Amino acid sequence: MSDIPPDLTWERAAPPDATGPGPWIEIAFGAGDDGEAPVYIRETSDPDNVVTTNRRKWDAFVLGVQAGEFDHFVEGVQDEADTTAPENGPHA
């Protein structure tokens, strides 16, 4: 982990009303503004396990998510969440 900058600003990918420790995914953007600038990804339950990619690949992934290219990975997940959420919870 020595090649991970210690001064990164981690952004948590969690719903605004989320409480508790997660686990949540966190993203940090490294120095640089070109396509090769590093992007760091970790999970709150294992913050020492950091995956690194670059901005070009991260942007392509985000565009793919927005376009629905990964929806097949979560088929049925929303239905399951709806049956376990409280009536007045965030999914109601």
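Basis of the calculations
Residues numbered from 1 in each chain as written. Predicted model: local features only at pLDDT ≥ 70, side-chain atom pairs only at ≥ 80, totals over all residues. Heavy atoms only, no water. Pairing = 2+ DSSP bridges. Helix = DSSP H or I, 4+ residues; strand = E, 2+ residues; numbered from the N terminus. Salt bridge = Lys/Arg side-chain N within 4 Å of Asp/Glu carboxyl O. Buried < 20%, exposed > 50% of the residue type's maximum accessible area, 1.4 Å probe, protein only. Core = buried A, V, L, I, M, F, W, Y, C linked by side-chain atoms within 4.5 Å. Contact = heavy atoms within 4.5 Å.

A. Inspection of the pairing of strand E2 (residues 25-29) at higher detail. For strand E1 (residues 11-13) and E2, the ladder comprises 3 bridges, and the chain directions are antiparallel. If you follow glutamate 11 over to E2, its bridge partner there is isoleucine 27. Across 5 bridges, the pairing between E2 and strand E3 (residues 38-43) is antiparallel. Note on E3: the bridge partner recorded for glutamate 26 is arginine 42.

B. Broad picture of the pattern of salt bridges. Throughout the structure, instances matching the rule amount to 4 salt bridges. For glutamate 26, the salt bridge goes to arginine 42, with nearest N and O atoms at 2.7 Å. Taken together, the positions of glutamate 26 in strand E2 and arginine 42 in strand E3 put the pair 16 residues apart, joining distant regions of the chain. Owing to a relative accessible area of 7%, glutamate 26 belongs among the buried residues under this scheme. Since its relative accessible area comes to 18%, arginine 42 is described here as buried. Here aspartate 59 ties to arginine 55 by a salt bridge, and the two come within 3.0 Å at their closest N and O atoms. Placement of both aspartate 59 and arginine 55 in helix H1 (residues 55-66) is noted, with a separation of 4 residues, approximately one turn of the helix. Of the residues examined, aspartate 59 reaches a relative accessible area of 33% and is grouped as partly exposed. What you see here is one network of salt bridges that share partners, running through Arg12, Glu26 and Arg42.

C. Layout of the nonpolar core. Counting 5 residues, the largest nonpolar core consists of Ile4, Leu8, Ala28, Tyr40 and Val50. For tyrosine 40, the residues in contact, after removing those within four places along its chain, are Asp3, Ile4, Pro5, Leu8, Trp10, Glu26, Ile27, Ala28, Gly30, Val50, Val51 and Thr52.

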